[in-house]
Structures are given as C-alpha cells and as structure tokens.
Amino acid sequence: MDIKTIGVLTSGGDAPGMNAAIRAVVRYGLTKEFRMVGVERGYHGLLRGEFIEMDAASVCDLIQRGGTVLQTARSKLFPTPEGIAQAVKAAKDYGIDALIVIGGDGSFRGAQKLCENGLPTIGIPGTIDNDISCTEYTIGYDTALNTAMEAVDKIRDTATSHQRCSLIEVMGRNAGYIAVDVALATGAEMVIVPEKDKNTSKVDLVTRIVKDIEAGQKVGKKHHIVIIAEGVGDSQKLAEMIEECSDVETRATVLGHIQRGGSPTIRDRVIAAQMGMRAIDLLTEGKSNRVVIVKNGMIDDVDIDEGLAMKKSISEYKYCLVGNLSRGV
C-alpha cells in the first residue's frame with residue numbers, strides 16, 4: 001500500500017479518552033510524514049465529505065478533554081452498499097488513502113466493509129461498555145467506572161442515613177462489565193447483569209433482593225446497595241416492588257450519560273496513546289483490516305474479521321465475589 005494521507009474518525013457512542021487517541025494518531029502520524037485528515041461526525045461525515053486538515057496544533061489541549069472533538073453521528077445510509085460506495089469515493093476524492101476508526105463493534109463492522117471496498121482501515125476500540133470481544137480493555141472504561149463509583153459512594157451516604165435500599169442503574173448496553181466492577185469497588189450487596197438475569201422475571205428478582213435485604217438486616221446492616229446493568233433495566237419499577245414487599249424504603253437512581261463524560265483517567269489516556277501509535281505503525285507496515293487490542297495486558301492487534309467473530313463474557317469469579325464480600329455488617 002502506498003499511503004500518504006490518513007483519515008481518522010470517531011463513531012458510535014463517545015467515550016472519555018477518544019480525544020487522547022485522536023491526538024496520538026495525528027501527532028504520531030505527522031512524525032511518520034503522513035498527511036493527517038480528521039473526519040467530522042463519524043461515518044455520517046465521511047459520506048458527506050466533512051473533512052478537516054489536522055496538524056500538531058489542531059490537537060493541542062485535547063488530552064484532558066472528554067467526548068470527541070471530531071464528534072459522532074449515526075447514519076442510516078452508511079450500512080447500505082450504496083452508502084459504503086459513497087463513503088469510499090468521498091475519501092478517495094479527498095486523497096485519503098487509509099482510515100483509522102475509533103469506536104465499538106458496530107464501527108468495526110463499518111470499517112470491515114470499507115476495507116472490503118478498497119479503503120484500508122484500522123480500528124481502535126473506544127467505548128465505556130468494555131464489550132468488544134477481541135480486547136480485554138476499551139478506551140473510556142476506566143473513566144466510566146470511576147464516575148460510577150464516585151456516584152455510588154455518595155448515594156451510600158444517604159442510603160445509610162435513611163436505612164434504605166438503593167438500586168443504582170449503570171450503563172453497559174447488554175453487557176454487565178461496568179456493573180460487576182462497580183459493585184466490587186463500592187462493596188455493593190448485589191449485582192444484577194443481563195448475562196445472568198436478562199430473562200429473569202421481575203417477581204423473581206424482587207424475591208431475591210428482598211431475601212438478601214432480610215439477611216442483611218439480621219446481621220445489623222443499615223443499608224442495601226444493588227447495582228443493576230442497564231441491559232436488565234426498569235430499576236424504578238423494581239424499587240417500587242421491593243418497597244411493597246419488604247416495607248424497606250427503596251430508591252432507584254439511573255446514572256445514565258454522566259458515565260460517558262468527564263476528563264479521562266490516566267489509564268484511559270495512556271492506553272489511548274499506545275493504541276493510536278499502534279494504529280499508525282500498522283499502516284506504516286502496510287497492514288490493514290486490523291483492530292488494535294489489549295491482550296494479556298499488552299497492546300496487540302487482531303484481524304477485524306477474526307475479532308468480530310470472538311465471544312466475551314463477564315468473569316464468573318468477579319460476579320460471585322460481589323456476594324461473598326458483602327456478607328457481614
């Protein structure tokens with residue numbers, strides 16, 4: 001591949017650390033003497049030719065900022081064959097020889113199609129959900145965990161004061177990674193995740209939670225914290241049912257998009273920098289259709305086709321540890 005110009009875009013939900021990844025891609029690409037181009041508003045902007053020239057100064061003061069300076073938007077046209085063809089043409093008309101895509105599984109499926117149609121691509125995993133099967137870690141996960149942990153710590157203060165049961169719903173789409181790690185980090189009494197409870201009836205969930213509350217009361221617990229992944233959801237209804245069945249004041253809190261924002265933690269900044277550099281190195285070596293990943297704690301890469309076919313599940317050990325560590329006052 002004769003690559004002279006590299007484009008970079010962010011796609012899907014924003015995640016803290018995406019800006020740090022953009023900065024690394026642009027600045028390291030410039031050291032390799034590539035022309036660097038930013039694509040605004042993800043695949044939607046790629047279709048429309050929303051391109052901006054990027055130099056070292058254009059990514060100044062980005063490393064500490066949350067969100068994505070390139071922005072992101074959904075596109076109904078892009079997933080179609082006509083949309084893919086239009087996107088490839090727009091890129092080539094502007095002189096873009098290869099593309100780096102920062103996003104999740106859906107973004108990588110788009111990158112896969114672009115590569116199949118003649119535009120070399122590299123993926124960088126960026127999502128707070130940490131649900132990309134081919135990598136141990138995704139940019140934004142640590143920041144989201146810390147945001148959720150701080151919120152739960154605050155909610156615990158008032159839950160203790162009022163001797164309440166607090167149901168706290170965290171993000172994660174259909175995965176329970178955030179829920180399990182936050183539950184462990186905050187000493188929650190229970191964690192409810194889609195991998196275990198997506199098909200469990202509300203009545204059965206309430207019965208389980210009430211039983212746990214009663215067991216806690218017998219040993220002198222003054223509060224009860226339950227972390228619920230959004231893939232299970234409807235925490236408000238569950239709270240109402242728990243209060244009716246247990247006579248324990250119960251409140252639901254949905255943390256929502258607060259978990260996506262904020263300045264990225266040092267872990268997200270460092271991994272974003274490493275992943276951005278690896279993406280540029282891969283293109284320098286003439287490789288494409290790859291996803292940069294974390295494997296055994298180290299930066300690595302895998303074929304997009306292979307990566308998208310992989311499966312990932314929450315740690316059974318961590319899940320069980322939540323309940324084991326919650327015993328006692």
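Up top you'll find the structure we're talking about.
Here we summarise the structure given alongside this text. (Residues numbered from 1 in each chain as written. Predicted model: local features only at pLDDT ≥ 70, side-chain atom pairs only at ≥ 80, totals over all residues. Heavy atoms only, no water.)

### Remarks on the overall build of the protein
Quick note on the threshold: Each helix is a run of DSSP H or I of at least 4 residues and each strand a run of E of at least 2, with the numbering of both proceeding from the N terminus. Every radius of gyration here is taken over C-alpha atoms, with the globule rule written as 2.2 Å times N^0.38, N being the number of residues. For every residue, the accessible area (1.4 Å probe, protein chains only) is compared with the maximum for its type, and the residue is labelled buried under 20%, exposed over 50%, or partly exposed between those bounds. When checking whether two residues touch, look at their non-hydrogen atoms; a contact exists if any pair is within 4.5 Å. Computed with a 1.4 Å probe, the accessible areas rest on the Shrake-Rupley method; for each residue, only the protein chains presented here act as cover. In this count, Lys and Arg are taken as positive residues and Asp and Glu as negative ones, while His and the chain termini are left out. Here the site of a charge means NZ on Lys, CZ on Arg, CG on Asp, or CD on Glu.
Each helix and strand counted, the protein has 12 helices and 11 strands in total. Over its C-alpha atoms the protein spans a radius of gyration of 22 Å, differing by no more than 12% from the 20 Å that the globule rule assigns to 329 residues. Seen through its C-alpha atoms, the protein measures out along the principal axes to roughly 70 × 35 × 30 Å. The buried share of the protein, reckoned over its 329 residues, is 53%. Counting contacts in the protein only where the partners sit at least 6 residues apart, residues at least 24 apart contribute 74% of the total. Counting every atom, the protein has about 14500 Å² of accessible surface; 49% of that belongs to carbon and sulfur. For the protein, the distance from the average site of its 39 positive side-chain charges to the average site of its 44 negative ones is 0 Å.

### A short note on the nonpolar core
In a soluble, globular protein the nonpolar side chains are often hidden away together inside. What counts, and what does not: For the purposes of this section, nonpolar cores are sets of buried Ala, Val, Leu, Ile, Met, Phe, Trp, Tyr and Cys residues that join through side-chain atoms within 4.5 Å.
Counting residues in each nonpolar core, the largest one holds 63 residues, and the members touching the most others are Ile100, Ile124, Val191 and Ile227. Of all the elements, helix α5 (residues 141-162) adds the most residues to this core, at 8 residues. In contact with isoleucine 100, other than residues within four places in its own chain, are Ile6, Gly7, Val8, Leu9, Val25, Ile122, Ile124, Ala279, Ile280 and Leu283. Grouped together as the second largest cluster of nonpolar side chains are 27 residues, Ala90, Leu99, Ile132 and Val302 included.

### Quick notes on the pattern of salt bridges
Under the convention used in this document: Put simply, a salt bridge is a Lys or Arg side-chain nitrogen that is within 4 Å of an Asp or Glu carboxyl oxygen.
Overall, the coordinates contain 19 salt bridges when judged by the stated rule. Here glutamate 285 and lysine 287 are joined by a salt bridge, their closest N and O atoms 3.4 Å apart. Salt bridges sharing partners connect three or more residues here, namely Arg164, Glu243, Glu249 and Arg251.

### Let's talk about unusual backbone geometry
Backbone geometry at glutamate 33 places phi at a positive 70°, although glycine is not the residue there. Along the chain, glutamate 33 falls in the loop between α1 (18-31) and β2 (35-39).

### So, α5
Formally: One less than the number of residues in a helix, times 1.5 Å, gives the span that helix is expected to have.
Here α5 spans 32 Å end to end across 22 residues, near enough to the 32 Å set by a 1.5 Å rise per residue. Considered for burial, the residues of α5 that qualify are Tyr141, Asp142, Thr143, Ala144, Leu145, Thr147, Ala148, Ala151, Val152, Ile155, Arg156 and Ala159. Those residues of α5 that are buried lie in contact with β6 (165-170), α6 (177-186), β8 (224-229), β9 (250-254) and α10 (266-284). Positioned one or two residues after α5, glutamine 163 has a phi angle of 50°, which is positive.

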